[in-house]
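# Observations on the three-dimensional arrangement
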Amino acid sequence: MHTSGTADAALPAVVDHAAEIRAAGLKVTAPRVAVLQGLAASPHATADQLYDSISSTLTGTSLQAVYGVLAAFTTAGLVRRIEPAGSAALFERRVGDNHHHIVCTRCHSVRDVECVTGEAPCLTPSDTAGFVVQTAEVTFWGLCPDCQADTAADIP
Ligand SMILES: [Zn+2]
Ligand SMILES: [Zn+2]
């Protein structure tokens, strides 16, 4: 392995995120790199959570700027936006695999669920009304293990 002696010799993780942003056809900026790093650390994060995690290291960032970055990333296909009923929009790095989500009805924690049959789209509607199906988005609802334990303890 040879290093190519690039001028922007930063931390490997930073270089990586910058390259991803560039590959998506976007200009690399500090807030964009920070948001991508934040998402790598905490998938299914809200804009507020991401702002909280980067605002300490990136002074001068606004929540509005984070929303702008997330909108650009979503359009460019770098992040996926999901919006379970009753929840703020959540953002994640895992894109393009048509995976689904399971959401806790009590604490709203979110987990990834693999595609039901392994191939996207994994749902075949009985009638597509002439549409060509490209993706199928499924949200499973239930009680997470923590909440199951909590509610079991509540029963007298
Ligand atoms: Zn829960
Ligand atoms: Zn996910």
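Going along each chain's sequence as written, the residues are numbered from 1 onward. The lettering of chains begins at A and the numbering of ligands begins at 1, in the order of writing. Totals for whole chains, interfaces and linings use all residues, but because this is a predicted model, local features are given only for residues with pLDDT of at least 70 and pairs of side-chain atoms are given and counted only at 80 or more.

The subject of this paragraph is the overall build of the protein. Counting from the N terminus, the helices are the DSSP runs of H or I reaching at least four residues and the strands are the DSSP runs of E reaching at least two. Helices and strands together make up the secondary structure of the protein, namely five helices and five strands. Start at the N end of the protein and walk to the C end: the helices and strands fall as α-α-α-α-β-β-β-β-β-α. In this scheme every C-beta is placed from the backbone, and a residue whose C-beta has 20 or more other C-beta atoms within 10 Å is buried, one with 12 or fewer is exposed, and one in between is partly exposed. Counting every position in the protein, which comprises 156 residues, the buried fraction comes to 17%. Look at the contacts in the protein between residues 6 or more apart in sequence, and 42% of them connect residues 24 or more apart. In this description, a residue-residue contact is defined by the distance between C-beta atoms placed from the backbone, which must lie within 7 Å.

With that settled, consider helix α4 (residues 63–76). Between the first and last residue of a helix there are one fewer steps than residues, each counted as 1.5 Å, and that sum is the expected span. Compared with an ideal rise of 1.5 Å per residue, which puts 14 residues at 20 Å, α4 spans 20 Å between its outermost C-alpha atoms and is within 8% of the ideal. Listing the buried residues of α4 in full gives Val66, Val69, Leu70 and Phe73. Taken end-on, α4 shows its buried residues confined to a sector of 100°, consistent with a single buried face. Every exposed residue of α4 that faces more than 90 degrees away from the buried side is listed here: Gln64 and Thr75. Its buried side turned inward, α4 meets α2 (30–41), α3 (47–55) and β2 (90–92). Think of the arc as the fan of directions from the helix axis to the C-beta atoms.

Next up on the list: α3. Buried within α3 are the following residues: Ala47, Leu50, Tyr51 and Ile54. Angular distribution of buried residues about the axis of α3 spans 100°; they occupy a single face of the element. Elements that come into contact with the buried residues of α3 comprise α2 and α4.

What follows is about the environment of valine 113. By the element assignment, valine 113 lies in strand β4 (residues 110–113). Valine 113 gets classed as partly exposed once you count the C-beta atoms within 10 Å, which come to 14. Other than its neighbours up to four places away in sequence, valine 113 contacts His99, His100, His101, Ile102 and Phe140.

Bringing the environment of aspartate 112 into the picture now. Take aspartate 112: it is sitting in strand β4. Judged by local crowding, aspartate 112 falls into the partly exposed class, with 13 C-beta atoms found within 10 Å. Residues aspartate 112 and arginine 94, 18 residues apart in the sequence, show an inter-C-alpha distance of 9.5 Å. Discounting chain neighbours no more than four positions away, the residues touching aspartate 112 are Arg94, His99 and His101.

Purely geometric numbers; function is a separate question.
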